[in-house]
Structures are given as C-alpha cells and as structure tokens.
Amino acid sequence: MTSASNDLSAITNTLKDDVSSWEGQNLISVTQMTTSGILRLFKTAQSMRDLVRSKGGDDRLKHKVLASVFYEASTRTSCSFQAAMMRLGGTFLHVDGGKGGNTSASKKGESLEDTIRCLECYTDVTVLRHPTTGSVQQVALGDGTVKPVINAGDGVGEHPTQALLDFFTIFDELGLSLDIDNGSNTADNSHSGPLVVVLLGDLKHGRTVHSLAKLLARSSLKHELVLRYCAPASLEMPAHVKEYVEQCTNVKQEEYSDMSEAVKGANVLYVTRVQKERFETAEDYEKVKGAYVVNTALMKTAPQDMIVMHPLPRVDEISTDVDSDPRACYFRQMENGMFVRMAILALILGAP
C-alpha cells in the first residue's frame, strides 16, 4: 500500500473551534488540528472527565456503533476507545485483523478498503490501526469510505489520538496557556517560562513521539518550546520529523545522549520503550535494549516539578519504584486517554 501523505494537504488545519468543523470528519493526522481546535477538544475532554466522575457517562451516542479494527495488537488504545463509546451510550464491534485474529477478511485476500467499506454498513465510525505507514490515510481519504475514520496508529507513521491525549495531559498537569482567545490558564498551577520536553528512548520507531513533536511544535503555545531528543545512536528522531518542527516558530530542538543531562531544567520527561517488534533481528534489538532506565536515582536529581509520561506498555525503561512518585503521571495519562477519546467521538459524531 502506498503512502497517501499528499492527500493530507486538503485537510490541514481543518479541525477548529467551531464544532461543525469536526462533525463527520476523519482524524488522520495532527496536522489537521488548529490551535482553536485543540482548545475545543481539551475543553470537551475536561467536560467528559467531569461527566464520568459525577455520573459515569450519558446516552448522547445511544444507537451509535463504533468499528474497532486493529491489524496490530492493542490494549490501551482499543479498550479506551471502546470504553469511551460505552460511556456515551454507544456500542462497538471489535475486529482483530492480526495473525490469529477473529476476522477472515485478510486471510481470504480482501483489501483493507473493502473490509472497512463493509464494516461501514453496520457502524457509524471506524477506529483503525494498521502496520503499514500511510494505510489509514489511504483508506480514509480514498473514494471508498463514506463514514469517519480515526487513525489509531499506522506503522511508524502517526498516532494522532495518542498525541492529543499526551498534549492534554501536559496542558492539564502543568497549566499551559495557548496563544489564542480564551487560551490563557488562570489556575494557581499555571506554567510560566519555556516548556522543556524531553523525548527519550526509541524515537525512530515511536509514532507517538513523531505525532507529539509535530503537535506541540505547531500549536500556538504562550511559551517557548524546547524539544530535547535523547535516544541511542541507531534510534534517533527521524529527519522528516525534525524538518517539520524546524518550520514552526518559537521552537528549539536539542539532541542529547546523556539522560541525566537531558532532564536538567525539564518540565516533561516522555519515555518510550524500545520496540522489539520493529527490529529486523534480535541482535539489533539486544544492542539497544535497556539503553535508558528511569529510576529513583534519576528522579532524585530531576526537577521537582517535572512530570514523567509514557504511552505504555513499559518493559524495563521505567522502574516500578518510580510509580509512587507524584511526578509519575503515566497512569493519569492513560485515564486522560478515555476522556480525550470520548471528546473526539462526541465531536465527530455531532454530539459534543
């Protein structure tokens, strides 16, 4: 399957504050987001959090059905989307398209486009993960699909909903402000000064960090953004991501090999696992496995207001001893995933 990256230009900057700009739309890339659209999403996610904590949910998506289609393994993304749909009164059909999964479509040679088109006959929105970069764009922006498609990760390409929940977590935890009308954070914990974000680990294969770097860079923050890349020599941030960030204003990029140096003065430490499944040989994986481990010794020297994030699952890159540190917010980050995905589904299905 070929990349459909050229098609994204037609939908760049199309998701805005106006809720009508979301209704019936695909969510394929973070480049679709405007700063006002990000704020709209975050405010909707905050209202979803209030709803869940006060009532558990509501029925605004009653009789709506989500197609949850995963050609790669998933726990958090699939379950949080399914929970999000159910919290809002809807339901879902889950298709495991991976090896040994519950679908015969790919085993019989059916194209991905035909599979999704068939599932649309039963559902209202599709969440799709596929191992081929560009595959979700190809399906969503082609002529076949007629209902919204949400990108749940395409190979080593993008993972926009993960980036949005990650940004929401940073925004919420640190009290960030956006440089637009009504974008200022007036809370007691509101952030001042530069925003320093360390992206640590497997930056080559990590679609979460690709999307997050782009999203943070293109958002109109009221803070200078400093992105620090800290990765083993063979797993650096791809050039195409750095080139994209370079085109954005008020952003600095820095590269480190020493984790303890990278976290000095940092506000966010975003940790990623080294993805064994992306390596061609076990030997290549073993060379970089365990290159960085966040432990209590590092946390003793790290800034007292630095939060630690991780898209999970983790292997050994964050010691479990760190879990009790109040700066460790990766489980709060996971809960935010459901609130943000509730907001995305409600906006796209016209019931914010």
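Quick caveat: nothing in here was measured; it's all calculated off a predicted structure. (Residues numbered from 1 in each chain as written. Predicted model: local features only at pLDDT ≥ 70, side-chain atom pairs only at ≥ 80, totals over all residues. Heavy atoms only, no water.)

1. Looking at the nonpolar core
Core analysis: the largest hydrophobic core is formed by 71 residues, its most contacted members being Phe 167 and Leu 199. For this core, the element with the most residues is helix H11 (residues 330–348), which contributes 10 residues. Once you skip the residues sitting within four places of it in the chain, Leu 199 turns out to touch Val 209, Leu 212, Ala 213, Arg 228, Tyr 229, Cys 230, Met 237 and Tyr 270. If you look at the next biggest cluster of nonpolar residues, it comprises 22 residues, including Val 226, Val 294, Met 299 and Val 308. (Core = buried A, V, L, I, M, F, W, Y, C linked by side-chain atoms within 4.5 Å. Buried < 20%, exposed > 50% of the residue type's maximum accessible area, 1.4 Å probe, protein only. Helix = DSSP H or I, 4+ residues; strand = E, 2+ residues; numbered from the N terminus. Contact = heavy atoms within 4.5 Å.)

2. With respect to the sheet that holds strand S8 (residues 268–271)
With parallel pairing, five strands are arranged side by side in an open sheet as S7-S6-S5-S8-S9. Looking at the sheet topology across the chains shown, the edges are occupied by strand S7 (251–256) and strand S9 (307–309). Strand-to-strand twist of the sheet, defined as the mean angle between neighbouring strand axes without regard to direction, takes the value 20°. In this structure, strand S6 (residues 225–230) lies alongside S7, joined through six bridges in parallel fashion. Looking at the pairing, Leu 227 lines up with Gln 253 of S7. (Pairing = 2+ DSSP bridges. Axes fitted to C-alpha atoms, helices over the stretch in contact; angles between N-to-C directions.)

3. Describing the confidence of the model for the protein chain
Confidence in the prediction of the protein chain, expressed as mean pLDDT, is 90, and 91% of residues score 70 or more. pLDDT under 50 marks residues 1–6. Its contacts with residues more than four places away, or in other chains, come to 13 contacts. (pLDDT = per-residue confidence, 0-100.)

4. Considerations on unusual backbone geometry
Following Leu 312, the chain continues into Pro 313 via a peptide bond in cis, with omega recorded as 10°. With respect to the helices and strands, Pro 313 occurs in the loop between S9 and H11. A positive phi angle, near 75°, is found at His 63, a position not held by glycine. The topology assignment puts His 63 in the loop between helix H1 (35–55) and strand S1 (65–70). In this model, Asn 182 sits at a positive phi of 65°, which is unusual for a non-glycine residue.

5. Description of the pattern of salt bridges
Tallied over the entire structure, the rule returns 14 salt bridges. One salt bridge connects Lys 252 with Glu 254, and the closest N-O pair in it is separated by 3.8 Å. In this structure, the salt-bridge partner of Glu 261 is Lys 264, at a minimum N-O distance of 2.9 Å. Owing to a relative accessible area of 36%, Glu 261 belongs among the partly exposed residues under this scheme. The class for Lys 264 is partly exposed, based on a relative accessible area of 49%. (Salt bridge = Lys/Arg side-chain N within 4 Å of Asp/Glu carboxyl O.)

6. Looking at the pairing of strand S3 (residues 125–130)
Counting buried residues in S3 gives six out of six residues, a clear majority hidden from the surface. With burial as the criterion, each face of S3 is covered, one bearing Val 125, Val 127 and Arg 129 and the other bearing Thr 126, Leu 128 and His 130. Where S1 lies against S3, five bridges are found, and the strand directions are parallel. Pairing of Phe 70 across the sheet is with Arg 129, part of S3. In this structure, S3 lies alongside strand S4 (residues 149–154), joined through four bridges in parallel fashion. In the strand pairing of S4, His 130 is matched with Asp 154.

7. Comments concerning the packing of helix H5 (residues 160–174) against helix H6 (residues 207–218)
Two elements in contact, H5 and H6, have axes separated by 8 Å at closest approach and are oriented at 55°. Between H5 and H6, the angle is such that the two are oblique. The hand of the H5/H6 crossing is right-handed. In contact with Pro 160, Gln 162, Ala 163, Leu 164, Asp 166 and Phe 167 of H5, H6 contributes Thr 208, Ser 211, Leu 212, Leu 215 and Leu 216. A per-class count over the contact of H5 with H6 returns seven nonpolar, three polar and one charged. (Parallel < 35°, antiparallel > 145°, perpendicular 65-115°, else oblique. Left-handed = near helix turned anticlockwise from the far one by under 90°. Nonpolar A, V, L, I, M, F, W, Y, C, P; charged D, E, K, R; others polar.)

8. Remarks on the pairing of S1
In terms of burial, S1 is a largely internal element, six of the six residues being buried. Going residue by residue along S1, you find Val 65, Ala 67 and Val 69 tucked away on one face and Leu 66, Ser 68 and Phe 70 tucked away on the opposite face as well.

9. Details of the sheet that holds strand S2 (residues 91–96)
Note on sheets: strands pair through backbone hydrogen bonds, and any given pair is parallel or antiparallel. Reading across from one edge, S2-S1-S3-S4 is the order of the four strands in this open sheet, with parallel pairing throughout. The two strands at the open ends of the sheet, each matched to only one other strand, are S2 and S4. This sheet shows a mean twist of 15° between the axes of neighbouring strands, independent of strand direction. Here helix H3 (residues 112–120) sits on the sheet and contacts S1, S2 and S3; the angle it forms with S3, its principal contact strand, is near 155°.

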